[in-house]
Amino acid sequence: QVHLVESGGGLVQAGGSLKLSCAASGFVISINTWSWYRQAPGKQRELVAAITTVGLTHYVDSVKGRFSISKDSAKDTVYLQMNSLKTEDTAVYYCNADGVKTSSSTYNNYWGQGTQVTVSS
């Protein structure tokens, strides 16, 4: 069984920065795509950023130029550096690992428990 553990959320003023981390535990061999999603109160969960095995990245338009996704495959960890934060970035942020191959299974999808990011004005 694979578990994703997130950290790094918190309260920050507008214009500030936070860095989220998400580490996978378990007998992980490879992960095809890491993603960060967020869900604000009363809104649907949306994809924020994604990074593939070979390092290709994708960002939702609202965070381009402010957020940066990266990964450390040796540590089975993904990061989301968030700069120039805005109040509208306030949400619960979830990491997702897709196409996860372990010693006992292949190509499963896993979610983290979520971490709250609150940006004050």
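Residues numbered from 1 in each chain as written. Predicted model: local features only at pLDDT ≥ 70, side-chain atom pairs only at ≥ 80, totals over all residues. Heavy atoms only, no water.

### As for the overall build of the chain
A count of helical and extended segments in the chain gives 0 helices and 11 strands. Written out in order from the N terminus, the α and β elements of the chain read β-β-β-β-β-β-β-β-β-β-β. What you see for the chain is a C-alpha radius of gyration of 14 Å, in line with the 14 Å of a compact globule of 121 residues. A principal-axis box enclosing the C-alpha atoms of the chain has dimensions of 45 × 25 × 25 Å. Looking at the chain as a whole, 40% of its 121 residues are labelled buried. Intrachain contacts of the chain at a sequence separation of at least 6 include 54% that bridge at least 24 residues. When the accessible surface of the chain is split by element, carbon and sulfur atoms take 50% of a total near 6300 Å². When the 10 positive and 8 negative side-chain charges of the chain are each reduced to one mean point, those points stand 2 Å apart. (Helix = DSSP H or I, 4+ residues; strand = E, 2+ residues; numbered from the N terminus. Rg over C-alpha atoms; globule rule 2.2 N^0.38 Å. Buried < 20%, exposed > 50% of the residue type's maximum accessible area, 1.4 Å probe, protein only. Contact = heavy atoms within 4.5 Å. Areas by Shrake-Rupley, 256 points an atom, 1.4 Å probe, with all protein chains shown as cover. Lys, Arg positive; Asp, Glu negative; His and termini not counted. Charge placed at Lys NZ, Arg CZ, Asp CG, Glu CD.)

### A word on the packing of aromatic side chains
This structure, assessed with the given rule, holds 1 aromatic pair. Between Lys-19 and the ring centre of Tyr-79, over which it is positioned, the NZ or CZ distance is 4.8 Å. Above the ring of Tyr-94, the side-chain terminus of Arg-45 is found at 3.8 Å from the ring centroid. (Phe/Tyr/Trp six-rings, centres within 6.5 Å; stacked < 30°, edge-to-face > 60°. Lys NZ or Arg CZ within 6 Å of the ring centre and 35° of its normal.)

### What to know about unusual backbone geometry
We note that Asp-76 has phi near 50°; this positive angle belongs to a residue other than glycine. With respect to the helices and strands, the residue Asp-76 is situated in the loop between β7 (67–72) and β8 (77–82). Given the relative accessible area of 17%, Asp-76 is considered buried. Unlike most non-glycine residues, Ser-84 shows phi in positive territory, near 50°.

### Focus: the nonpolar core
Judged by nonpolar contacts, the single largest core of 32 residues is most densely connected at Leu-4, Trp-34, Trp-36, Leu-80, Met-82 and Tyr-93. Those elements giving two or more residues to this core turn out to be β3 (18–25), β4 (28–39), β5 (46–52), β7, β8, β9 (91–102) and β11 (115–120). It is β9 that provides the largest number of residues to this core, a total of 5 residues. Excluding its chain neighbours within four sequence positions, the residues that come into contact with Met-82 are Gly-16, Ser-17, Leu-18, Leu-20, Arg-66, Phe-67, Tyr-93 and Val-117. (Core = buried A, V, L, I, M, F, W, Y, C linked by side-chain atoms within 4.5 Å.)

### What about the pattern of salt bridges?
Scanning all chains against the criterion turns up 4 salt bridges. Between Glu-46 and Arg-38 there is a salt bridge, with its nearest N and O atoms 2.7 Å apart. Across the salt bridge formed by Asp-89 and Arg-66, the nearest N and O atoms sit 2.8 Å from each other. Of this pair, Asp-89 sits in the loop between β8 and β9 while Arg-66 sits in the loop between β6 (57–59) and β7; the two residues are 23 residues apart in sequence, bridging distant segments of the chain. We note that Asp-89, like Arg-66, is buried. (Salt bridge = Lys/Arg side-chain N within 4 Å of Asp/Glu carboxyl O.)

Geometric descriptors of this kind do not, in isolation, establish any biological role.
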